[in-house]
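One letter stands for each residue in the lines below.
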Amino acid sequence: MNISFEAPDKINGLMTITLETADYQPEVDKTLKDYRKRANIPGFRPGQAPMGMIKRQFGPSVKVDAVNKLLGEKLYEYVRENKIQMLGEPLPSEQQEQLDFESDKPLTFKFDIAVAPEFEAKLSGKDKIPYYNITVEDKLIDQQVEMYQSRSGHYEKVENFDMEQRDMLKGDLRELDAAGNVKEGGITVADAVLMPQYIKVDDQKKLFEGSKLGDIITWNPRKAYPESDVEVSSLMKIQKEEVKDHEGDFTFQITEISRFVKAEVNQELFDQTFGEGTVKDEKEFRQKIADTISQQFKSDSDYKFLLDVRAHMEKKVGKLEFPEALLKRVMLNNNKDKGADFVEKNFDASIKELGWHLIKEQLVAAQEIKVGDDDLKNVAKEAARAQFAQYGMSNVPDEYLENYAQEMLKKRENVDGLVDRAVDVKLTAALKSVVKLEEKDITLDKFQEMLQEK
């Protein structure tokens, strides 16, 4: 066996592997012997068929399999031992000559290999990177307090309907005929639920203003929701396709008016939000909310910091030279179903991401960052905590988060993303102590505007 590798321009590599018969024949012979033991050939007892017959029937395919297996092993072994930073998968070279698997002559294989460009990515205290501390303004705390009040609120019965209070109506819906009488055999729905503030047409919405318990309102559901057969069919308890047959007027007799009342800011709300006895008064409640928001903002600030590290490093490293023609072949080979147009459309963005990936690899190696099981579990728990926070659940027990994280880690499709996130978290923490941070206070609105500009 002979293996050689050349890359005159440092990025387009050609690997040549020549296999002699002696390199793969032992594997071929072993496999054919196993075939013979198991072969069920008419006229012969199992394991007694002539080896010549076995070779004629199975020999060519067994040889191809043995050669391909050996090729893969030796190619990747050579890449690993010679520290070749290969991009993507090796491809059969355009210089490959026709092979004759029928003869015992040496087989020579040529592979095109995309090699990562050589460069150095380093950071030190001389590198200045901005770090944005997002201020927790009173209006953000007010919004969070109101959200907790709403989540812990309740409906109570009232006598008079108030559109501004977003009252919910329950009543009896009856279809009318052209004369304005209850239509015989028409639609009747008891305890239909209606929230007039969501009616799309103003003149229909106004029919409910000032109404009270027991009132009968004559209106037209189809006119009220002219673009939504779904809402009309849901209200009438019919199929969407049937709406067109019921476009006349209906009456709605109000049997119940429910008004949503937000929870009071008191000890009960404090306990529901952060656990019994954790918060004693409104001042502590607001401070606890501020601390929670601040912790959430830290993740946003870290995210922006890593974006700025990327921009800084891409500028510092400069334009990287890639074997673009070969990488396009690799990309096309991995996206055969999408075709060449997909490659052309997405290639530049793919190269940009590849450049950052290579830079980040060097930064990770320089900081000796390793990701273990505990790191993955912590990232999964934070992801779970963030999901619960979106629903206003800020006091989820650690045991529950632990179980949720374990379930996330059982799914293979989640693990790669969690590994990337764990690397980013550890890299961010490490680099914040390496570079010179230019800390700046910023409001959330300004911070979000800055992200959108990117």
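Residues numbered from 1 in each chain as written. Predicted model: local features only at pLDDT ≥ 70, side-chain atom pairs only at ≥ 80, totals over all residues. Heavy atoms only, no water.

Q: When you look at the packing of aromatic side chains in this model, what are you seeing that I'm missing?
A: Each pair of aromatic rings is reported with the distance of its centres and the angle of its planes. Counted by the stated rule, this structure contains 9 aromatic pairs. Their ring planes at 70° and their centres at 6.3 Å tell us that Phe208 and Phe252 sit as a pair that is edge-to-face. Taken together, the positions of Phe208 in the loop between α4 (202-205) and β9 (216-219) and Phe252 in strand β10 (residues 250-261) put the pair 44 residues apart, joining distant regions of the chain. A relative accessible area of 0% places Phe252 in the buried class. (Phe/Tyr/Trp six-rings, centres within 6.5 Å; stacked < 30°, edge-to-face > 60°. Helix = DSSP H or I, 4+ residues; strand = E, 2+ residues; numbered from the N terminus. Buried < 20%, exposed > 50% of the residue type's maximum accessible area, 1.4 Å probe, protein only.)

Q: How should the nonpolar core be read in this particular structure?
A: One recurring pattern in soluble globular proteins is that nonpolar side chains are buried together. Counting residues in hydrophobic clusters, the biggest one holds 35 residues, and the most contacted among them are Leu87, Val309, Met313, Phe322, Leu327, Ile359 and Leu363. Where this core is concerned, the elements lending two or more residues are β3 (86-92), β5 (128-134), α8 (282-317), α9 (324-334), α10 (339-366) and α13 (412-432). The biggest single contributor to this core is α10, with 9 residues. Those residues in contact with Leu327, other than ones at most four positions away along the chain, are Leu87, Ala114, Phe322, Phe347, Ile351 and Leu354. One finds Leu32, Val62, Leu75 and Tyr78 within the second-largest nonpolar core, a separate group that totals 25 residues. (Core = buried A, V, L, I, M, F, W, Y, C linked by side-chain atoms within 4.5 Å. Contact = heavy atoms within 4.5 Å.)

Q: What am I meant to see in unusual backbone geometry here?
A: The phi angle at Arg166 is positive, at roughly 55°, despite the residue not being glycine. Relative to the assigned elements, Arg166 resides in the loop between β6 (154-157) and β7 (168-175). The backbone of Glu368 shows a phi angle near 55°, a positive value even though the residue is not glycine. Within the secondary structure, Glu368 sits in the loop between α10 and α11 (373-390).

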